[in-house]
Amino acid sequence: MGSVRKASAWLGLVEDNDERYYDDEYAEGTETGTGNQAWVTDPRVQVAAETAEQQDRRIATVTPDSFRDARAIGELFRDGVPVIVNLTAMDPADAKRVVDFAAGLIFGLRGSIDRVATRVFLLSPADTQVVAGESAGRKADGFFNQS
């Protein structure tokens, strides 16, 4: 089967007639050792999203289109989730309204607001510490101090 035909079959545009890799034993259901048992996940393995939610290690990103999307920002922040608000897609008047809303939100819930980039803000709940990138991992006498 040519590469164009393979790509067309993968996209579902043509029927896949290539049966070189078809396994008769697998199709008949003859598995070795497992019988008719259902596949069971190891209980020590957890999905990352579930683990993050259990340990409150989530950060939400919101890119509002209009001021109506401010409610989603407020609900996430009220639940204790840090929120990154990207206002680059909004017109300046609505973006100003969202920033005013966010300022009231962090004042009422005793959080903090940090500018990450132009028109991108991080809303942090009261129990979250934001560490600045410059002084976080460097020692005064470390490698980068070349004086």
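See the structure shown above.
A brief look at the structure comes next. All values derive from a computational prediction rather than experimental measurement. (Residues numbered from 1 in each chain as written. Predicted model: local features only at pLDDT ≥ 70, side-chain atom pairs only at ≥ 80, totals over all residues. Heavy atoms only, no water.)

**Brief notes about the packing of aromatic side chains**
- Enumeration over the complete set of coordinates arrives at 1 aromatic pair.
- On the basis of an interplanar angle of 85° and a centroid distance of 6.3 Å, the ring pair of F67 and F101 is categorised as edge-to-face. Taken together, the positions of F67 in the loop between β1 (60-62) and α4 (70-78) and F101 in helix α5 (residues 92-108) put the pair 34 residues apart, joining distant regions of the chain.
- Given a relative accessible area of 29%, F101 falls into the partly exposed group. (Phe/Tyr/Trp six-rings, centres within 6.5 Å; stacked < 30°, edge-to-face > 60°. Helix = DSSP H or I, 4+ residues; strand = E, 2+ residues; numbered from the N terminus. Buried < 20%, exposed > 50% of the residue type's maximum accessible area, 1.4 Å probe, protein only.)

**Considering the nonpolar core**
- With 16 residues, the main nonpolar core has I73, F77, V83, V85, L87, V98 and L123 as its most contacted residues.
- For this core, the secondary-structure elements that each account for two or more residues are β1, α4, β2 (83-86), α5 and β4 (120-124).
- For this core, the element with the highest residue contribution is α5, accounting for 5 residues.
- Residues within four places of F77 in sequence aside, it is in contact with V83, L105, I106, L109, G111, L123, S124 and P125. (Core = buried A, V, L, I, M, F, W, Y, C linked by side-chain atoms within 4.5 Å. Contact = heavy atoms within 4.5 Å.)

**What to know about empty space enclosed by the protein**
- The tally for this structure, following the rule as stated, stands at 1 cavity of 30 Å³ or more.
- What the largest cavity holds in volume is close to 40 Å³.
- V85, V98, V99, A102, I113, F121 and L123 are the residues that line the largest cavity.
- Of all the secondary structure elements, the ones that give two or more residues to the lining of the largest cavity are α5 and β4.
- In terms of residue count, the dominant contributor to the lining of the largest cavity is α5 (3 residues).
- Among the residues making up the lining of the largest cavity, the classes are represented as 7 nonpolar, no polar and no charged. (1 Å grid on protein atoms, 1.4 Å probe; cavity = no way out; pocket = protein on both sides within 12 Å on 5 of 7 lines; lining within 4 Å. Points joined across faces, edges and corners; volume = space filled by probe spheres on them. Nonpolar A, V, L, I, M, F, W, Y, C, P; charged D, E, K, R; others polar.)

**Focus: the pairing of β2**
- Only one face of β2 is buried, namely the one carrying V83 and V85, since none of I84 and N86 on the opposite face is buried.
- Relative to β2, β1 is paired through 3 bridges, and the arrangement is parallel. By the bridge assignment, A60 is partnered in β2 with V83.
- Each parallel crossover has a hand, and the one from β1 via α4 to β2 is right-handed.
- Summarising the sheet, β2 and β4 pair through 4 bridges and their orientation is antiparallel. When the bridges of β4 are listed, V83 appears paired with L123. (Pairing = 2+ DSSP bridges. Right-handed = clockwise from strand over helix to strand, strands pointing away.)

**What about unusual backbone geometry?**
- Positive phi, normally seen in glycine, also occurs at R110, with a value near 60°.
- Tracing the backbone through its elements, the reader meets R110 in the loop between α5 and β3 (112-117).
- A relative accessible area of 71% means that R110 is categorised as exposed.

**Topic: the pattern of salt bridges**
- Under the definition given, this model contains 3 salt bridges.
- R71 is paired through a salt bridge with E75; the nearest N and O atoms lie 2.8 Å apart. In this pair, R71 and E75 both sit in helix α4, 4 residues apart, roughly one turn of the helix.
- Of the residues examined, E75 reaches a relative accessible area of 31% and is grouped as partly exposed.
- Across the pair D94 and R97 runs a salt bridge whose closest N-O atoms are separated by 4.0 Å. With D94 and R97 both in helix α5 and 3 residues apart, the pair spans about one turn of that helix.
- Looking at R97, the relative accessible area reads 43%, which means it is partly exposed. (Salt bridge = Lys/Arg side-chain N within 4 Å of Asp/Glu carboxyl O.)

So, to be careful, I would describe these as geometric facts and stop short of saying anything about function.
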